[in-house]
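# Descriptive analysis of the structure
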Amino acid sequence: MASQKLELNLSDSKYKAYVRHVVNSFLEEQKARQEKEAEAEAAVDNNQKEFDDDGDLIVCRLFEKRRVTIQDFRGKALVSIREYYKKDGKELPSSKGISLTEEQWSAFRKNIPNIEKAVRKMESQTT
């Protein structure tokens, strides 16, 4: 079928060698990609994860009282960017912040280049 579409005799040794080369290159790329993904997953698994008092994963601390967490709310994963305060020795989330659903987070991520461009433009106008 491929021979007919390409109008080549793929049983010819020079074409066999080329096809073998292409297939081997593809397989090597796939193997390298899988190894890289496995290394990335292992690196994430080996990092000591930090959790807040509610058991939510702290992804990063933006500032002393601000952080990004992943939380489960009624069975849905939320990315929460929020300010925290201390009460009775516990750090609690304040109402200052935002929680994004997976869909909202995805839309936000896709628009980061546009946001960065707008910030650069705004900064250039103020200097």
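Here's a quick rundown of the structure. (Residues numbered from 1 in each chain as written. Predicted model: local features only at pLDDT ≥ 70, side-chain atom pairs only at ≥ 80, totals over all residues. Heavy atoms only, no water.)

### A closer look at the overall build of the chain
Looking only at helices and strands, the chain has 4 helices and 5 strands in total. Listing the helices and strands of the chain from first to last along the sequence gives α-α-β-β-β-β-β-α-α. Against the globule reference of 14 Å for 127 residues, the chain gives a C-alpha radius of gyration of 25 Å, more extended than a compact globule. The C-alpha extent of the chain, read off along each of the three principal axes, is 80 × 45 × 30 Å. Each of the 127 residues in the chain was classed as buried or not, and the buried ones make up 12%. (Helix = DSSP H or I, 4+ residues; strand = E, 2+ residues; numbered from the N terminus. Rg over C-alpha atoms; globule rule 2.2 N^0.38 Å. Buried < 20%, exposed > 50% of the residue type's maximum accessible area, 1.4 Å probe, protein only.)

### Overview of unusual backbone geometry
In this structure, Arg74 is a non-glycine residue whose phi angle is positive, near 50°. With respect to the helices and strands, the residue Arg74 is situated in the loop between strand 3 (66-73) and strand 4 (76-87). Unusually for a residue other than glycine, Asp88 sits at a positive phi of about 55°. As for its position among the elements, Asp88 is in the loop between strand 4 and strand 5 (90-100). Judged by relative accessible area, which is 76%, Asp88 ranks as exposed.

### Some points on the packing of aromatic side chains
A complete count under the given rule lists 1 aromatic pair for this structure. Arg67 extends its terminal NZ or CZ atom over the ring of Tyr84, reaching a point 3.9 Å from the ring centre. (Phe/Tyr/Trp six-rings, centres within 6.5 Å; stacked < 30°, edge-to-face > 60°. Lys NZ or Arg CZ within 6 Å of the ring centre and 35° of its normal.)

### Here's the deal with the pattern of salt bridges
Should the charged atoms of two oppositely charged side chains come close, the side chains can pair. Counted according to the given criterion, the structure contains 3 salt bridges. With a shortest N-O distance of 2.5 Å, Glu50 and Arg61 are connected by a salt bridge. Taken together, the positions of Glu50 in strand 1 (residues 50-51) and Arg61 in strand 2 (residues 57-61) put the pair 11 residues apart, joining distant regions of the chain. Here Arg66 makes a salt bridge to Glu83, at a shortest N to O gap of 3.1 Å. Note that Arg66 is positioned in strand 3 and Glu83 in strand 4, a separation of 17 residues in sequence. (Salt bridge = Lys/Arg side-chain N within 4 Å of Asp/Glu carboxyl O.)

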